[in-house]
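Single-letter residue listing:
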Amino acid sequence: MPSLESKKNYSSVEAHLLFDKLLTFINKSSYSILKKRDLANLIIATKNLAKNSFELTLSIPFNSPQTVNFLLKSNNSDSQSLKNELIKVIREFNDFIIN
């Protein structure tokens, strides 16, 4: 399964609020939560389109509480579609954090 990963730091957001912001963002996005593990600061969400389906894993490492790991996977997307979707998710989350 092809995948892409990116790590982004959100030092402007208080560490204890970042996971809640991720949850709110996903709930307002086109993704559906598949699994949520509060204690592990982990969210796995899916998105199904006509031609592509994506699995997005969002996690916050305990040793870096203001960093979000974005991992996007897809069985049926080419690398450019995967890259475009990951960029879109990160851009939308960045906009969500600002507003």
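Check the entry above for the structure.
Criteria and cut-off values
In every chain, residue numbers begin from 1 and rise along the written sequence. Note on the predicted model: pLDDT of at least 70 is required for a residue's local features to be given, and 80 or more for side-chain atom pairs to be given and counted; whole-chain, interface and lining totals, by contrast, use all residues. Note that water and hydrogens are dropped before the side-chain values are worked out from all heavy atoms of the structure. Here a strand is any run of E in DSSP of at least two residues, a helix any run of H or I of at least four, and the numbering for each starts at the N terminus. Our radius of gyration looks at C-alpha atoms and nothing else; its globule reference is 2.2 Å times the residue count to the power 0.38. Classification of residues uses two cut-offs on accessible area relative to the type maximum, computed with a 1.4 Å probe and protein chains only: under 20% is buried, over 50% is exposed, and between them is partly exposed. Contacts are assigned to residue pairs with any non-hydrogen atoms lying within 4.5 Å of each other. To be clear on the numbers: accessible area is Shrake-Rupley with a 1.4 Å probe, and residue cover counts the displayed protein chains and nothing else. Polar contacts here mean pairs of N or O atoms no more than 3.5 Å apart (in protein, one a potential hydrogen donor and the other a potential acceptor; neighbouring residues in sequence count only if both atoms are side-chain atoms). Aromatic pairing here means that ring centres of Phe, Tyr or Trp (its six-membered ring) are within 6.5 Å. Orientation follows from the plane angle: under 30 degrees is stacked, over 60 is edge-to-face, and everything else is tilted. To estimate the expected span of a helix, count its residues, drop one, and scale the result by 1.5 Å. In this description, the arc belongs to the directions extending from the helix axis to the C-beta atoms.

A. Seen up close, the overall build of the chain. Along the chain, the regular secondary structure elements total 2 helices and 5 strands. Along its sequence from the N terminus, the chain presents helices and strands in the succession β-α-β-β-β-β-α. In terms of overall size, the chain behaves like a compact globule, its C-alpha atoms giving a radius of gyration of 13 Å where 99 residues would be expected to give roughly 13 Å. In terms of overall dimensions, the chain has C-alpha extents of about 35 × 25 × 25 Å along its principal axes. Within the span of the chain, comprising 99 residues, buried residues form 36% of the whole. Nonlocal contacts in the chain, meaning residues at least 24 apart in sequence, comprise 50% of its contacts between residues at least 6 apart. Total accessible area on the chain stands at roughly 5,900 Å², and carbon and sulfur atoms take up 49% of it.

B. Structural detail: the side chain of Lys47. If you trace the backbone, Lys47 turns up in strand S3 (residues 42-48). Only 3.3 Å separates the side chain of Lys47 from the side chain of Ser30, close enough to count as a polar contact. Beyond its immediate stretch of four places on either side in the chain, Lys47 contacts Ser30, Tyr31, Asn52, Ser53, Phe54, Glu85 and Lys88.

C. Focus on the packing of aromatic side chains. For the structure shown, the criterion picks out 5 aromatic pairs. Relative to Phe93, the ring of Tyr10 lies with its centre 5.1 Å away and its plane at 85°, an arrangement referred to as edge-to-face. A residue pair is termed long-range when its members are at least 10 positions apart, and Tyr10 in the loop between strand S1 (3-9) and helix H1 (15-28) and Phe93 in helix H2 (residues 79-98) qualify at 83 residues. Among the residues examined, Phe93 registers a relative accessible area of 0% and is labelled buried. Aromatic pair Phe70 and Phe93: ring centres 6.2 Å apart, planes at 65°, arrangement edge-to-face.

D. Main features of H2. Its 20 residues give H2 an end-to-end C-alpha distance of 29 Å, which sits within 8% of 28 Å, the value for a rise of 1.5 Å per residue. Those residues of H2 not exposed but buried are Leu82, Glu85, Leu86, Val89, Ile90, Phe93 and Ile97. Take H2 and look down its axis: the buried residues cluster within an arc of 130°, on one side only. Next to the buried residues of H2 lie S1, H1, S3, strand S4 (53-59) and strand S5 (67-73). Of the residues flanking the start of H2, the one acting as N-cap is Asp78, its side-chain oxygen 3.2 Å from the backbone nitrogen of Gln80.

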